[in-house]
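Fold and geometry: a report
For reference, the chains in residue letters:
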Amino acid sequence: MRVHSREVEKTVYRKLAERGVELEDIADIVLEMQLPYHPHLEFDTCMESVKAVLSKRELQHAILVGIELDVLAEQNALSEPLLSILREDEGLFGCDETLAIGSVYGYGSIALTTFGFLDKQKIGIIRKLDNKSYGKVNTFLDDLVAAIASSASSRIAHKQRDLEEKLLDARPDGEGQTAVQEEDKAGEFDPLLREAGENAAS
Ligand code: MG
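Just so it is clear, the structure is predicted and the values come from calculations on it, not from any experiment. (Residues numbered from 1 in each chain as written. Predicted model: local features only at pLDDT ≥ 70, side-chain atom pairs only at ≥ 80, totals over all residues.)

In terms of regular secondary structure, the protein chain is built from 11 helices and 0 strands. Reading the secondary structure of the protein chain in the N-to-C direction produces α-α-α-α-α-α-α-α-α-α-α. Per-residue burial over the protein chain gives 34% buried out of 202 residues. Look at the contacts in the protein chain between residues 6 or more apart in sequence, and 75% of them connect residues 24 or more apart. (Helix = DSSP H or I, 4+ residues; strand = E, 2+ residues; numbered from the N terminus. Buried ≥ 20, exposed ≤ 12 C-beta atoms within 10 Å, placed from the backbone. Contact = placed C-beta atoms within 7 Å.)

Glycine aside, residues mostly have negative phi, and peptide bonds are mostly found in the trans state. That bond from Glu80 to Pro81 is cis: its omega, 5°, falls within 30 degrees of zero. Mapped onto the fold, Pro81 is located in the loop between helix H4 (57-74) and helix H5 (82-87). Its identity as a non-glycine residue notwithstanding, Asn76 has a phi of 55°, on the positive side. Structurally, Asn76 is set in the loop between H4 and H5. In this structure, Asp89 takes a positive phi of about 50° despite not being glycine. One can find Asp89 in the loop between H5 and helix H6 (95-104).

To continue, consider the environment of Asp44. Locating Asp44 in the fold gives a position in helix H3 (residues 43-53). The partly exposed category is assigned to Asp44, around which 14 C-beta atoms lie within 10 Å.

Glancing now at the confidence of the model for the protein chain. For the protein chain, per-residue confidence averages 89 on the pLDDT scale, and 82% of positions sit at 70 or higher. The lowest-confidence element of the protein chain is helix H10 (residues 175-183), averaging 59 in pLDDT; the highest-confidence one is helix H2 (residues 23-34), averaging 98. (pLDDT = per-residue confidence, 0-100.)

If you want it as structure tokens, here you go:
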């Protein structure tokens, strides 16, 4: 039986919520990561980017695998020594990072370097998940959240460049600029569009 992609995506949303991760928590991290580069960036744009990267199978599958292992460890349903390694979030165990890193490759080097930064700095909910006294096993989940946030951050960085170039191409008659604004019907990238205009003009 082949599982429909819609089902997989729905399950990913449900599992993240069940494990105490709200998409807003991830969007907060994205905003913090990208705000220094895009001063007009708004929270809603970050949320949109988080949802967009969560529609990618590569990331969905990593999330399902990682959360499943966390849950099984929590239920003592794995065999030793893996059970103890996961329950203790053993420092030299790197499969959690490896799984998460594998899922960000599609978003390029910005995603990869942002992931490395988040892995070290543990911003926002990532720190909360990494806290062993939290009472749950989140060995994989903290890295998966970092993977989602870094992919969404990279996506925003690339979108921004695309918009800047479209606006530059639009000169001097402004036709392209109108096309960009029309494309942005939902207004999702309006703040970015404004910023792109400023950058293109500088
Ligand atoms: Mg981890």
